Amino acid sequence: MKQLLQSLRSGKITVRDVESPQAPKRAGVIVRNYASVISAGTEKMSVELARASMIEKARSRPDDVKKVLAEIKQLGFWATYRRIMNKLDTPKSMGYSCAGEVIAVSEDVDDLKPGDRAACGGQGANHAEVVSVLRNLCVKLPDTVSYEDACYTTLGAIAMQGVRQAELRFGESVAVIGLGLVGQLTCAIAKAAGCQVIGIDLDDENVKLANSFSAHFAFSRQVDNLVDKIKSLTSGHGVDAVIIAAATSSNDPIEFAAAIARDRAKVVMVGVTKMDIPREPFYMKELDFRLSRSYGPGRYDHIYEEKGIDYPIGHVRWTERRNMQEFVRLLAEKKIEPKHLTTHVIPITEAERAYNMIAGEAKERYLGIVLTYPQGEEVKIKNYELREGVGSSGPQMPKIGFIGAGNFAQGFLLPTLKESAELIAVANESGASAEDAKAKFGFTQATTNADAVIANAEVNTVFIATRHNSHADLITKALKAGKHVFCEKPMALTYEEATQVAQAYEKHPQQLLIGFNRRFSPLVVKMKELFGEPHEPKMIFYRVNAGAIPASNWTQDEEIGGGRIIGEVCHFIDTAAYLANDSLPKSVVAKRIATDRADSVDKDTVSITVDYEDGTVATILYIANGSKDIPKEEIQVFSSGRTAIMKNFTELEFYRGTGKPHVVSGQGKGHKEEVLAFIDAIKSGKPSPIPFDSMLATTVVTFAVLESLSTGETIRF
């Protein structure tokens, strides 16, 4: 299929051929696009930022610069530089408002079916021939609404949410500042709701359009005595609400809103402007300033969007999906006709011309630019049959199939794989990102279907770097197909999933490695070596200053990420096991802060103690409520009159009672070394770099930690 993509490094817009989505995600819908609209304001800002120099990019995002400096301190300059350049070289999908025909739905979607006409919004609703979207961002269209009008639905939902934030009632007056696409739709919605609508813009053509299409009155901002004119239209009181839909670095919209608003009016920010609120007029009129968030309630809530779980209508009357549905109703009743806003209809194959317009390269007036897509060609969803296979236990050249080649994989795994193995096939959720990974690293095939990689007869080794909830299933499928498997941590999210993997491994004992990379760090390896043989029990203290992660982050979702104990603490449990010579655990007990607060900071601050069969005791202090000013990780090991202290993978101090420590410097958390060890095991036929029993034990310990936190008891194995 064809898809419009942007280079984050140069801002260049291209239309490329990529594979279409092959399977709907959870609460997902696959739609064949017939029309999509370019959101000129939002997408123009994206183009301008991408075309800016590196210095200008940095100036516009100071918070990102701070993160980069912190990363350089921890990972080193070149590792950080490569990661940033890789991100800038990854193409960005453009667009978030489209309409077309449903061609597939996930099992949990029951209100849409193949053949339905639909309008789509949000992430995934891109400028592409086929899109994969979420059920709560996809609404059914009646036959009376054209695709060219329906593709405005997401913009209409943005405008509608602004109107709802203004809490307008029938007969009230509203001024809309900024008469671009969203501003015009805001005027039209308020007008359809029985409000008196006044539009204001700097552009005379936008003012003229508003006067004929969306508003009762519209004025140029440069008109003399404009405040008086507006007050004269409202019996001298001023408007009941002001909705700002402009995009500017100026503070004039805020100041002008205060001047034309009545006493105790509402001022709603939908657009992007400077927001230095002048105290005197806002105080004297007791104005109510509000922000309007995107399409409405549910936006950025992964439970609502990604899981498709709706809010009860009795508690949240207007969600983002209901806003979209209401906009479609207005389209069907001809209360709003976006065709009046459309200045250009351009085939997707010529989309670069549209972006040249909004970037100012083509001196041509535009407002609504609709991209259209070919109709009539059949779109097929491919299914792959996964058969049990018998893999080789002897030496062989690894031929890699990679599932989930995202930013982490491209920064830490694939550069090493590119130099050490043959790369065959790559699968990503997005066809564009799959094609990008193929081009960057030299894969011969790219797909959007993970099963296609596992079923590929050329592939003998599968790498998995997807979200955590897919790991156990993909490991099991790949093992049953006779493939060697490298999977990023964690192995599984539940006892049942871990059992599933163990049973598959027992029947198909191929090379299997879970990405517990820290044990491969040169300094951790050196730490173990310095204690030498014979192996003695150790006292291990592992302090992790992890910092807070919002509860809304996918890693905190128990169904998707498993939470931080399963998703990240497994790293530190495995490292302790390595230092204990992969001795198996006997018991674990965990404690967390005793507090009435239920936020993730306190929930994620835990102390864990693991007793091992060899007599080693490891205490892991995982801290989410500490200062960011201290390094993230430190390991202290005590045994036989000797002590080793590893400081955040940059320095190792070893004390033997001689006064001065032996100091070793280094850098790196072992990502490169773990990949090379895994590849070498396949090439040579050696055992897996980590014994399976140890990987399984680490996984089970994370479950036991959660059980101990819940019950307050010591869990014994």
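Description of the structure in this document. Note that the structure is predicted; figures quoted are calculated from it, not measured.

Its 14 residues place the ends of helix 23 (residues 671–684) 20 Å apart at the C-alpha level, agreeing with the 20 Å of an ideal helix rising 1.5 Å per residue. All buried positions along helix 23 are accounted for by His671, Glu674, Val675, Phe678, Ile679, Ala681 and Ile682. Taken down its axis, helix 23 places every buried residue within 155° of arc, on the same side. As for helix 23, its buried residues are in contact with strand 17 (399–403), helix 15 (407–420), strand 20 (461–464), strand 21 (484–487) and strand 22 (512–514). Looking one or two places after helix 23, you find Gly685, whose phi comes out positive at around 80°.

A few words on the pairing of strand 10 (residues 196–201). Within strand 10, five of the six residues are buried, which leaves the element mostly enclosed by the surrounding structure. Of the pairings in the sheet, the one linking strand 9 (residues 173–177) to strand 10 comprises five bridges and is parallel in character. What sits directly across from Val174, in strand 10, is Val197. With helix 7 (residues 181–192) bridging strand 9 and the parallel strand 10, this β-α-β connection has right-handed handedness. As paired strands, strand 10 and strand 11 (residues 217–220) are joined by four bridges and run parallel to one another. Bridge assignment links Gly199 to a residue of strand 11, and that residue is Ala218. Chirality of the crossover, the property in question, places the unit of strand 10, helix 8 (residues 204–213) and strand 11 among those that are right-handed.

So, on to the sheet that holds strand 17. The six strands lie next to each other as 19-18-17-20-21-22, forming an open sheet whose pairing is parallel. Unpaired on one side and paired on the other, strand 19 (445–447) and strand 22 mark the two borders of the sheet. Each strand axis lies, on average, 15° off the axis of its neighbour in the sheet, ignoring direction. In terms of strand pairing, strand 20 meets strand 21 through four bridges, oriented parallel. Paired with Val462 across the two strands is Val485, which belongs to strand 21.

Right, let's talk about helix 24 (residues 692–711) for a bit. With 20 residues, helix 24 should reach 28 Å at 1.5 Å per residue; the first-to-last C-alpha distance of 28 Å fits that figure. Positive backbone phi, at 80°, marks Gly712, one or two positions downstream of helix 24.

A separate point is the nonpolar core. Counting 57 residues, the largest nonpolar core has Phe402, Leu417, Ile475, Leu512 and Met695 as the members making the most contacts within it. Setting aside residues up to four positions removed in sequence, Leu512 forms contacts with Ile475, Leu479, Val485, Val501, Tyr505, Phe678, Ser688, Phe692 and Met695. Among the nonpolar cores identified, the runner-up in size contains 55 residues, and Tyr96, Leu137, Cys151 and Val270 belong to it.

Let's shift gears to the pattern of salt bridges. In the structure shown here, the tally under the stated rule is 39 salt bridges. Between Arg290 and Asp288 there is a salt bridge; the shortest N-O distance is 3.1 Å. In this structure Asp288 comes out as partly exposed when scored by relative accessible area, which is 27%. As a salt-bridge pair, Arg322 and Asp310 come within 2.8 Å of each other at their nearest N and O atoms. Taken together, the positions of Arg322 in helix 13 (residues 320–332) and Asp310 in the loop between helix 12 (302–305) and helix 13 put the pair 12 residues apart, joining distant regions of the chain. Exposure remark for Arg322: the relative accessible area of 12% places this residue in the buried category.

Moving on, we get to the packing of aromatic side chains. By the definition in use, this model includes 14 aromatic pairs. An angle of 15° between the planes, with centres 6.5 Å apart, marks the rings of Tyr96 and Tyr295 as stacked. With Tyr96 in the loop between strand 4 (92–93) and strand 5 (97–105) and Tyr295 in the loop between strand 14 (288–291) and helix 12, this residue pair connects regions lying 199 residues apart in the sequence. With 4.9 Å between their ring centres and 65° between their planes, Tyr495 and Phe703 make a pair best called edge-to-face. Linking Tyr495 in helix 19 (residues 495–507) with Phe703 in helix 24, this pair joins segments that are 208 residues apart in sequence. Overall, the relative accessible area of 6% leaves Phe703 in the buried class. These aromatic residues form a ring-pair network of at least three members: Phe402, Phe463, Phe486 and Phe678. Between Arg117 and the ring centre of Tyr147, over which it is positioned, the NZ or CZ distance is 4.3 Å. Residue placement shows Lys528 over the ring face of Tyr578; its charged tip is 4.2 Å from the ring centre.

Packing of helix 7 against helix 8 brings their axes to within 10 Å, and their N-to-C directions diverge by 20°. The angle between helix 7 and helix 8 places the two elements in the roughly parallel class. Seen along the crossing, helix 7 lies across helix 8 with a hand that is right-handed. Only Asn206, Leu209, Ala210 and Phe213 of helix 8 make contact with helix 7, whose side of the interface consists of Gln184, Ala188 and Lys191. Residues of the contact of helix 7 with helix 8, tallied by class, amount to four nonpolar, two polar and one charged.

Turning our eyes to something else, we now look at the side chain of Ser639. Mapped onto the elements of the fold, Ser639 is located in strand 27 (residues 633–639). Of the residues examined, Ser639 reaches a relative accessible area of 7% and is grouped as buried. A distance of 3.0 Å separates a polar side-chain atom of Ser639 from the backbone oxygen of Pro537. Setting aside residues no more than four positions away along its own chain, Ser639 makes contact with Phe531, Glu536, Pro537 and Lys538.

Moving on: unusual backbone geometry. At the junction of Lys489 and Pro490, the peptide bond is cis and its omega measures out at -5° in the coordinates. When you line up the elements, Pro490 lands in the loop between strand 21 and helix 19. Unusually for a residue other than glycine, Asn225 sits at a positive phi of about 55°. Along the polypeptide, Asn225 turns up in the loop between strand 11 and helix 9 (226–232). Given a relative accessible area of 56%, Asn225 falls into the exposed group.

Okay, the state of the cysteines next. According to the stated counting rule, one finds zero disulfides in the structure shown. Cys98 provides the cysteine sulfur closest to Cys151, a residue in no disulfide bond, and the two sulfurs are 8.3 Å apart. On the basis of relative accessible area, Cys151 is assigned to the buried category, the value being 0%. Here Cys487 stays free of any disulfide, with the sulfur of Cys570 as its closest cysteine sulfur at 11 Å.

Packing of helix 20 (residues 522–531) against helix 21 (residues 563–579) leaves a shortest axis separation of 10 Å and a crossing angle of 30°. In terms of axis orientation, helix 20 runs roughly parallel to helix 21. Of the residues in helix 21, those touching helix 20 at Val524, Val525, Met527 and Lys528 are Thr575, Tyr578 and Leu579. When grouped by side-chain class, the residues that make up the contact of helix 20 with helix 21 number five nonpolar, one polar and one charged.

Calculation rules
- Think of each chain on its own: its residues are numbered from 1, step by step along the sequence as written.
- Totals for whole chains, interfaces and linings use every residue, but because this is a predicted model, local features are given only for residues with pLDDT of at least 70 and side-chain atom pairs only at 80 or more, for both listing and counting.
- Side-chain measures here rest on the full set of heavy atoms in the structure, leaving out hydrogens and waters.
- Going along the chain from the N terminus, every DSSP run of H or I of four or more residues is numbered as a helix, and every run of E of two or more is numbered as a strand.
- The length a helix should cover is 1.5 Å for every residue beyond the first.
- Partly exposed residues are those whose accessible area sits between 20% and 50% of the maximum for their type, while under 20% is buried and over 50% is exposed, using a 1.4 Å probe and protein chains only.
- Comment: arc refers to directions from the helix axis out to C-beta atoms.
- By definition in these notes, contact holds between two residues if any of their heavy atoms fall within 4.5 Å.
- At least two DSSP bridges between two strands are needed for those strands to be called paired.
- The crossover handedness rule: strands pointing away from the viewer, path from first strand over the helix to second strand clockwise, crossover right-handed.
- Axis definition: a line fitted to C-alpha atoms, over the contacting stretch in the case of helices. Angles run 0 to 180 degrees between N-to-C directions.
- Throughout this description, the term nonpolar core refers to a set of buried Ala, Val, Leu, Ile, Met, Phe, Trp, Tyr and Cys residues connected via side-chain atoms within 4.5 Å.
- Throughout this description, the term salt bridge denotes a Lys or Arg side-chain nitrogen within 4 Å of a carboxyl oxygen of Asp or Glu.
- Two rings belonging to Phe, Tyr or Trp (six-membered ring only in the last case) form a pair when the distance between their centres is within 6.5 Å. Interplanar angles under 30 degrees mark stacking, angles over 60 mark edge-to-face geometry, and anything in between is tilted.
- Our definition puts a charge over a ring when NZ of Lys or CZ of Arg is within 6 Å of the ring centre and also within 35 degrees of the ring normal.
- Roughly parallel covers angles under 35 degrees, roughly antiparallel covers those over 145, roughly perpendicular covers 65 to 115, and oblique covers all other angles.
- Two helices cross in a left-handed way if the nearer one is turned anticlockwise from the farther one by less than a right angle. They cross in a right-handed way if the turn is clockwise.
- Here the nonpolar group is Ala, Val, Leu, Ile, Met, Phe, Trp, Tyr, Cys and Pro; Asp, Glu, Lys and Arg are the charged ones; every other residue, Gly included, is treated as polar.
- For the purposes of these results, a polar contact is taken to be a pair of N or O atoms within 3.5 Å, where, inside protein, one atom must be able to donate a hydrogen and its partner to accept one; residues adjacent in sequence count only when each atom of the pair is a side-chain atom.
- Criterion for a disulfide: a pair of cysteine sulfur atoms at a distance within 2.5 Å.

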